[in-house]
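Next come the chains, spelled out residue by residue.
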Amino acid sequence: MADLNITSPSNPRLKALASLRRRRTREETGRTLIEGYEELALALDAGVLPEALYYCPELMLEPESQLRVVEQVRRAGVDTVQVSRGPFEKTAYREGPDGFIAVVPAVARRCADLAVGPDALTVLCQGVEKPGNLGAMLRTADAAGAEAVIAADPVTDWGNPNLVRASKGTVFSVPVASDSTAATLEWLDSRGIALVATTPDTDLDYTDVDYTGPVAIAVGAEKYGLTDEVLEHAAHRVRIPMVGKANSLNVATSAAIVIYEAVRQRGAARARASH
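Here's what I pulled together on the structure shown here. Here the residue numbers are simple positions, counted from 1 along each chain's written sequence. Local features are withheld for residues below a pLDDT of 70 in this predicted model, meaning they are given only at 70 or higher, and side-chain atom pairs are given and counted only at 80 or more; totals for whole chains, interfaces and linings count all residues. Water and hydrogen atoms play no part in the side-chain values, which are based on all heavy atoms of the structure.

The next subject is the overall build of the protein chain. For the purposes of this entry, the term helix denotes a DSSP run of H or I that reaches at least four residues, the term strand denotes a run of E that reaches at least two, and both are numbered from the N terminus. Helices and strands together make up the secondary structure of the protein chain, namely ten helices and eleven strands. Radius of gyration: C-alpha atoms only; globule rule: 2.2 Å multiplied by the number of residues to the exponent 0.38. In summary, the protein chain has a C-alpha radius of gyration of 21 Å against a globular reference of 19 Å for 275 residues, a match within 12%. Seen through its principal axes, the protein chain has C-alpha atoms that stretch 60 × 45 × 40 Å. Any two residues whose heavy atoms approach within 4.5 Å at even a single point are treated as in contact. Expressed as a percentage of contacts within the protein chain between residues at least 6 apart in sequence, the contacts between residues at least 24 apart total 80%.

With that settled, consider the packing of helix α3 (residues 37-45) against helix α4 (residues 63-75). Taken N-terminus to C-terminus, the directions of α3 and α4 make an angle of 40 degrees; their axes are 11 Å apart at the nearest point. By the angle between their axes, α3 is oblique relative to α4. Relative to α4, the crossing made by α3 is left-handed. Here α3 contributes Y37, L40 and L44 to the contact with α4, which in turn contributes Q66, V69, Q72 and V73. Amino acid classes used here: Ala, Val, Leu, Ile, Met, Phe, Trp, Tyr, Cys and Pro are nonpolar; Asp, Glu, Lys and Arg are charged; the rest, including Gly, are polar. Taken together, the residues of the contact of α3 with α4 break down into five nonpolar, two polar and no charged. Every angle, taken between N-to-C directions, lies between 0 and 180 degrees, and every axis is a line fitted to C-alpha atoms, over only the stretch in contact when it is a helix. By the definition adopted for this analysis, an angle is roughly parallel if under 35 degrees, roughly antiparallel if over 145, roughly perpendicular if from 65 to 115, and oblique otherwise. Here a crossing is taken to be left-handed if its near helix is turned anticlockwise relative to the far helix by less than a right angle, and right-handed if that turn runs clockwise.

Turning to the environment of L53, a few remarks are in order. With respect to the helices and strands, L53 occurs in strand β3 (residues 52-55). Residues L53 and T80, spaced 27 residues apart in sequence, show a C-alpha to C-alpha distance of 4.8 Å. In this structure L53 touches L40, V70, V73, V78, D79, T80, V81, F100, I101 and A102, once residues within four positions along its chain are discounted.

Rendered as structure tokens:
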């Protein structure tokens, strides 16, 4: 069956597609967008099956090879729609689109839906506002092999197109959940996961804590940091030493520094155990 070919920017399907930029529409429909070839490829590798794929060969960087993805999802029964360059660029939410926009089911998990191992490395993001920061933390979590990332009292949703983009699609490869702070802390306790909270108000350096067991690394909102509820619940409160003029680090940078200290310690522990 030949694909539908859209040439008008006022096409109702494109208007419905653009409406998924709004959080309310995403929550009402249970759908979100993946824009970009790399992001789509990672999501497909993670087992995500789009509900529809809109593509524009004129915008593809390598159309001969990238059109194979279109054929791949078409064979899986996905509705594939070719869109002319002008309407596609108008519908895309980012500058310089590369010819791929997919509609996919939104990620909607609570902590209770997560399954982690006995020595899980997890990340807790409380009240983080900027989708770009959450996306960057997801890329770090994916690279570090973290088993879950939890948004406690989230300000944005996991389906935010800017978050999906900033995560390079890893929002679909790393198990993520959204929940209240109270429910998140209860979930950590129920699984014996120690909480390490980042804060400037402590004398304990982040390198002076043992991360080799089940642990959750917590970072807070960009402006205010973690709430007292989380700080009082923490097994350790740690700081990242700073000697410059600025009084804080970007939250995604802070998370990456502590996460990779955990990775370093775990790698060293495995090396010792193998000798």
